[in-house]
Amino acid sequence: GAWRSPTSQQKLLATNLGSASWEDYLTSRETDDDKSTVVTIKDLMDFDPDNDPDNLIGNRWITRGSSMIVSGGTGIGKSSLMMQIVIRWCLGLDFFGIKPVKPLKIGVIQAENDKGDLAEAFRGVVKGLNMSVSDIAILQQNLHFRTEAVRTGDQFLAYARRFIHRSKLDLIVADPLFSYFGGDLSDQSEVSVFLRNKLQPILQETKVAWIWMHHVAKPQRKDGGEPLTTMELAHSGFGSSELANWAREIAVLHEVGQSKPRRFQLAFCKRGGRIGLPSPILNLQHSATGIQWEESNPLAFTGAELKKEKPYRPQRGRRA
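Just so we're clear, the structure is a prediction, and the values are computed from it rather than from any experiment. The residue numbering used here restarts from 1 in each chain and proceeds along that chain's sequence as written. In keeping with the model being predicted, local features are shown solely for residues with a pLDDT of at least 70 and side-chain atom pairs are shown and tallied solely at 80 or more, while totals for entire chains, interfaces and linings include all residues. Water and hydrogen atoms were dropped before computing side-chain values, which therefore reflect all heavy atoms in the structure.

Novice: How would you sum up unusual backbone geometry? Please name residues and give values.
Specialist: The omega torsion across D175 and P176 is 0°, close enough to zero to call that bond cis. In this description a helix means any DSSP run of H or I spanning at least four residues, a strand means any run of E spanning at least two, and both kinds are numbered starting from the N terminus. In this fold, P176 is placed in the loop between strand 8 (171-175) and helix 8 (177-181). The phi dihedral of R60 falls on the positive side, at around 55°, and the residue is not glycine. One can find R60 in the loop between strand 3 (55-57) and strand 4 (62-63). One non-glycine residue, K168, adopts positive backbone phi at about 50°. Think of it in three bands: with a 1.4 Å probe and only protein chains considered, a residue is buried below 20% of the maximum accessible area for its type, exposed above 50%, and partly exposed in between. Under the relative-accessibility criterion, K168 is labelled exposed at 62%.

What follows is the structure in structure tokens.
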């Protein structure tokens, strides 16, 4: 009832305002970002895997916001392999049976090839596919290249994020991981922070799928010529095992035998059952007519080659 001025008397409006306890107060401060992380049981029950709007490739093999690492030895043609993959997927075509749900908008950031190397690989695939003028027009809209050999770490991720937004990408390829990490790939804590706490939020924000091109740590064979297991292939890339743990898919390109033309296997080690093919392994070889890849017949290996180095076969059962 006190008077605060000659015309304004103080009145009691309400009691028991605010939170009943400190815990209630903290709960009441939950932000919109906090609420966006909620997944309800109804969300899980209503989810239709056959009509997932976030699916990009295969049977929910690569989805929006997901990741893949493609590893292989030096000089075996990883860059030309990726060139063929991105051209096919930008046109909405399959790569030896692995098909996108639609023509994808793809960006490639690379550091190892000059303009001439990119042109040779691009024109080799274009010639091998006998592409039309209309196909080239689609690629001009859907496929974007950038050469970046300076920025690493946080600066590189900020650069990539701007590229993703500017070109409205569905998928981005960074080649190679060595050029852009900017730290010690063998340090698990460094790798975890970079991938999980810095890169992954960008993928979730932009809904882009990310592919790293990477190098293997050592020749992929065992003593006695025994084939590598799925786990051994998945962890064959140089650096911390966190790389294989983080990525949704690990693909490994490795040479099999010593025949001519050289024969290779591209093994999908984590979710190969979702690529839409009977086997998680593609048998490939270099084309004799240009810079491109073609499917090889695994039965064409000679007995001596098979004895010297067996083709990779995924192990099954509890041990694997």
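Novice: Go over the packing of aromatic side chains, please, and point to the residues and values.
Specialist: Here a pair means two rings of Phe, Tyr or Trp (six-membered ring of Trp) with centres within 6.5 Å. Their orientation is stacked below 30 degrees between planes, edge-to-face above 60, and tilted elsewhere. Inspection of every chain in the model, using the stated rule, returns 11 aromatic pairs. Between F264 and W293 the ring centres are 5.1 Å apart and the planes differ by 70°, which places this aromatic pair in the edge-to-face class. Residue F264 is located in strand 11 (residues 263-268), and its partner W293 is located in strand 13 (residues 293-295); the two are separated by 29 residues in the primary sequence. For F264, a relative accessible area of 0% translates into the label buried. One aromatic cluster in this structure is built from F156, Y180, F181, F194, W210 and W212.

Novice: Provide a residue-level description of a nonpolar patch on the surface, including the pertinent values.
Specialist: Each patch is built from residues that are more than 30% exposed by relative accessible area and take part in no salt bridge. Like charges join if they lie within 9 Å; nonpolar side chains (Val, Leu, Ile, Met, Phe, Trp, Tyr) join within 5 Å. All accessible-area figures derive from a Shrake-Rupley calculation using a 1.4 Å probe, and residue coverage is judged against the displayed protein chains alone. Just to be clear on terms, a salt bridge is a Lys or Arg side-chain nitrogen sitting within 4 Å of an Asp or Glu carboxyl oxygen. Residues V39, I41, L44 and M45 make up a contiguous nonpolar surface patch of about 480 Å² in total accessible area. Residue placement: L44 occurs in helix 3 (residues 41-46).

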